[in-house]
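# Descriptive analysis of the structure
Here is what each chain is made of, one letter per residue.
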Amino acid sequence: MKRILSISVLIIMLFTMNVTVFAGDVPEGLLSNDDAQVFFGEVLDYNDNTVTVCPRVKIKGDVLTGTKQHYDKPYPVGNFKVKAGNIYLFTYFDENNETNIFEVTSYDTATLKIKNTDFDIWKRFESYLNDGEYEKAEQERIDKINATLTEVGDEITLAALTETDRDACYKTEIALFGKQQSYEIDKREFYRIAAEIRLMDVENTLVMDADGGLVMRCYEEDAVHEITIWDNCKVAGGRVAANSAPTGDYIINAEDYQKLISLLPGEAQTKLPPLKNLYANFIYWFMYNSTTAYMIGAIVLVVLIGVIGFVIGYKIKKKRGSTQK
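Since this is a predicted model, take the numbers as computed values, not measurements.

## Points about the overall build of the chain
Helices and strands together make up the secondary structure of the chain, namely 11 helices and 14 strands. For the chain, with 325 residues in total, the buried portion stands at 39%. Sequence-distant contacts, at least 24 apart, represent 59% of the contacts inside the chain between residues at least 6 apart.

## Some remarks on the sheet that holds strand 1 (residues 37–46)
Strand order across the open sheet formed by six strands is 3-2-1-5-6-4, with mixed pairing between neighbours. Where the open sheet ends on each side, the last strands, each with one partner, are strand 3 (69–72) and strand 4 (74–76). On average, each strand axis in the sheet is inclined to that of its neighbour by 45°, with strand direction left out of account. In this structure, strand 2 (residues 50–60) lies alongside strand 3, joined through four bridges in antiparallel fashion. Bridge pairing links Thr50 to Asp72 in strand 3.

## Description of helix 8 (residues 254–261)
Turning to helix 8, its buried residues number three or more, namely Ala254, Asp256, Tyr257, Leu260 and Ile261. Seen along its axis, helix 8 keeps its buried residues to an arc of 160°; they face one direction.

## Some details on the pattern of salt bridges
Under the criterion given, the structure shown has 14 salt bridges. Between Arg141 and Glu138 there is a salt bridge, with its nearest N and O atoms 2.9 Å apart. One end of the pair, Arg141, and the other, Glu138, are both in helix 4 (residues 133–152), three residues apart, so they sit about a helical turn from each other. By relative accessible area, Glu138 is classed as buried at 5%. Two residues, Glu196 and Arg192, come together in a salt bridge whose shortest N-O distance is 3.7 Å. Separated by four residues within a single helix, Glu196 and Arg192 lie in helix 6 (residues 187–196), roughly one turn from each other. Residue classification places Glu196 among the partly exposed positions, given a relative accessible area of 27%. Connected via shared salt-bridge partners are Lys58, Glu138, Arg141, Glu189, Arg192 and Glu196.

## So, the layout of surface pockets
Where empty space is left can be seen by rolling a probe of water-molecule size over the atoms. In this structure, the largest pocket spans a volume of roughly 780 Å³. Lining the largest pocket are 28 residues, with Gln139, Arg166, Arg188, Tyr191 and Arg192 positioned closest to its centre. When residues of the lining of the largest pocket are traced back to their parent elements, those giving at least two are strand 2, helix 4, helix 5 (158–162) and helix 6. Of the residues assigned to the lining of the largest pocket, the class counts are nine nonpolar, five polar and 14 charged.

The rules behind these values
Residues numbered from 1 in each chain as written. Predicted model: local features only at pLDDT ≥ 70, side-chain atom pairs only at ≥ 80, totals over all residues. Heavy atoms only, no water. Helix = DSSP H or I, 4+ residues; strand = E, 2+ residues; numbered from the N terminus. Buried < 20%, exposed > 50% of the residue type's maximum accessible area, 1.4 Å probe, protein only. Contact = heavy atoms within 4.5 Å. Pairing = 2+ DSSP bridges. Axes fitted to C-alpha atoms, helices over the stretch in contact; angles between N-to-C directions. Arc of directions from axis to C-beta. Salt bridge = Lys/Arg side-chain N within 4 Å of Asp/Glu carboxyl O. 1 Å grid on protein atoms, 1.4 Å probe; cavity = no way out; pocket = protein on both sides within 12 Å on 5 of 7 lines; lining within 4 Å. Points joined across faces, edges and corners; volume = space filled by probe spheres on them. Nonpolar A, V, L, I, M, F, W, Y, C, P; charged D, E, K, R; others polar.

Here is the structure:
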């Protein structure tokens, strides 16, 4: 009995030690874990069990900015009062861990200081933020995704299609076809959005409106890399853009296209052709739900054959009835 009790106590002690070590490694875990999220977000609603937040600026992780998100186990670091409408710094691992909320002195990661706490763990977290370590970890995460997409061959990110180095690129702009005007856009924001946009490979899809597109240009040393979008959804690199018969190699969905043109000033957005999102969204849905699409198609075909058979049978029966009379 004593032996069993001793083993149980030892297990409890080891478990407690592991939890303590894990808690102390949070700043490092946020760096190494690709699923971890670090972002600035506006609190929409808050209680002891859940926080509803709209992420505003992503620092690291698969964060959907401008959307309403719910996170469980909110924990204000430093025991301050969280107020709806305020913007805080958030960290998130998964549903099994607390969602940490921080008050900070600035929204600039290079200079911010964390309020309400002097614990070493959060000083390390602050130091990593100031040194840009989480941005570097995010770029590494994106590079992994790009490498995977390149291997698969069915998808590529918009950032990868530019074939440029974000740090070497000194200017990005968007030009509208037929408007004879280019608009310089925020380079950092462009590459952030471009790294998240996944383009579906459709191989040489004919462009319907060759005069209604836009061209993105990335300037890198003496080279200019161009990407063209036609019909609001068909995407091609510089190789295809120069062809006399324009074709798109990739499809961008409507939501991602909207993110991209949001970088343009309001006056430029009004000059763009109406959004044609049905085709792009259908292609995206079909690619990711091909089995379901084939099943629906088969059901529709069976129903159609049945209806045609019924109509033909009805006409034959009616004709025989009139002949017998």
